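Chain residues, written in single-letter form:
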Amino acid sequence: KIYILQKRTEWLCKQLEKFNILYYRNPMSNIITIRAQFVHSKIVVKYGLVPDNHLNPKWYKVVVMDHVTIDKLALLVDEIKETVKHLKVV
């Protein structure tokens, strides 16, 4: 079970890297934090992402659990890609 969660988490990290989306992950963890600038507020609500600070978030947390399949992660990635298209990140 843990092996599968690790692989799903690795998959998400690789997808984020493809689009230069800043994230952090401890290699032994199934939790990824993504810089807030890459995540539109609609995505936060839709996917239940947890902010590091509710007043002025700098990071959002994605916890890969049993019910978080690659298919669901792919939907999240697609929506984040749309946000990234509209950013002027330096």
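Look above for the structure.
All residue numbers refer to positions counted from 1 along the written sequence of the respective chain. Per-residue local features of the predicted model are confined to residues with pLDDT of at least 70, and side-chain atom pairs are confined, for both listing and counting, to 80 or more; whole-chain, interface and lining totals are unaffected and use all residues. Derived side-chain values reflect all non-hydrogen atoms in the structure, with water molecules and hydrogen atoms excluded from consideration.

S.K.: Got a sec to walk through the packing of aromatic side chains? Specific residues and values, please.
M.R.: For any pair of aromatic rings, geometry is given as the distance between the ring centres together with the angle between the planes. In this scheme Phe, Tyr and Trp rings, the latter by its six-membered ring, pair at centre separations within 6.5 Å, and the angle between planes marks the pair as stacked below 30 degrees, edge-to-face above 60, and tilted otherwise. Within this structure, the stated rule accounts for zero aromatic pairs. The side chain of Arg35 reaches across the aromatic face of Trp59, ending 5.0 Å from its centre. Geometrically, a lysine NZ or arginine CZ counts as sitting over a ring once it is within 6 Å of the ring centre and also within 35 degrees of the ring normal.

S.K.: Talk me through the pairing of strand 2 (residues 31-35); I want residue IDs and the actual numbers.
M.R.: By the bridge criterion, two bridges tie strand 1 (residues 23-24) to strand 2 in an arrangement that is antiparallel. Among the inter-strand pairings, Tyr24 is bridged to a residue of strand 2, identified as Thr33. Pairing between strands is defined by DSSP: at least two bridges between the two strands are required. Secondary structure elements follow DSSP: runs of H or I no shorter than four residues count as helices, runs of E no shorter than two count as strands, and numbering proceeds from the N terminus. Joining the antiparallel neighbours strand 1 and strand 2 is a turn of six residues.

S.K.: Go over a nonpolar patch on the surface, please, and point to the residues and values.
M.R.: Residues form patches when they are more than 30% accessible in relative terms and have no salt bridge. Like charges link within 9 Å. Nonpolar side chains (Val, Leu, Ile, Met, Phe, Trp, Tyr) link within 5 Å. Surface accessibility in these figures is a Shrake-Rupley result with a 1.4 Å probe; residues are shielded only by whichever protein chains are displayed. A pairing counts as a salt bridge when a side-chain nitrogen of Lys or Arg comes within 4 Å of a carboxyl oxygen of Asp or Glu. Together, Ile31, Val63 and Met65 make up a nonpolar patch on the protein surface, roughly 200 Å² of accessible area in all. The residue Ile31 is located in strand 2 in this model.

S.K.: Help me get a handle on the sheet that holds strand 1, residues and values and all.
M.R.: Note on sheets: strands pair through backbone hydrogen bonds, and any given pair is parallel or antiparallel. Spatial ordering of the open sheet is given by 1-2-4-3, a layout of four strands whose pairing is antiparallel. The open sheet has two free edges, formed respectively by strand 1 and strand 3 (50-51), since each of these has just one partner strand. Strand direction decides the pairing type here: strand 3 and strand 4 (residues 59-63), joined by two bridges, are antiparallel. Bridge assignment links Val50 to a residue of strand 4, and that residue is Lys61.

S.K.: Provide a residue-level description of helix 3 (residues 70-85), including the pertinent values.
M.R.: For a helix, the expected span equals 1.5 Å multiplied by the number of residues minus one. For helix 3, spanning 16 residues, the distance from its first C-alpha to its last is 22 Å, which sits close to the expected 22 Å at 1.5 Å a residue. Every buried residue of helix 3 is listed here: Leu73, Leu76, Val77, Ile80, Thr83 and Val84. Across the axial projection of helix 3, the buried residues extend over an arc of 115 degrees, all falling on one side. Facing away from the buried side of helix 3, by more than 90 degrees, are the exposed residues Asp71 and Lys85. Throughout, a contact is declared for two residues whenever any of their heavy atoms are within 4.5 Å. As for helix 3, its buried residues are in contact with helix 1 (2-18), strand 2, helix 2 (41-47) and strand 4. Relative accessibility thresholds used throughout: buried, under 20% of the residue-type maximum; exposed, over 50%; partly exposed, between the two (1.4 Å probe, protein chains only). Read the arc as the range of directions from the helix axis to the C-beta atoms.

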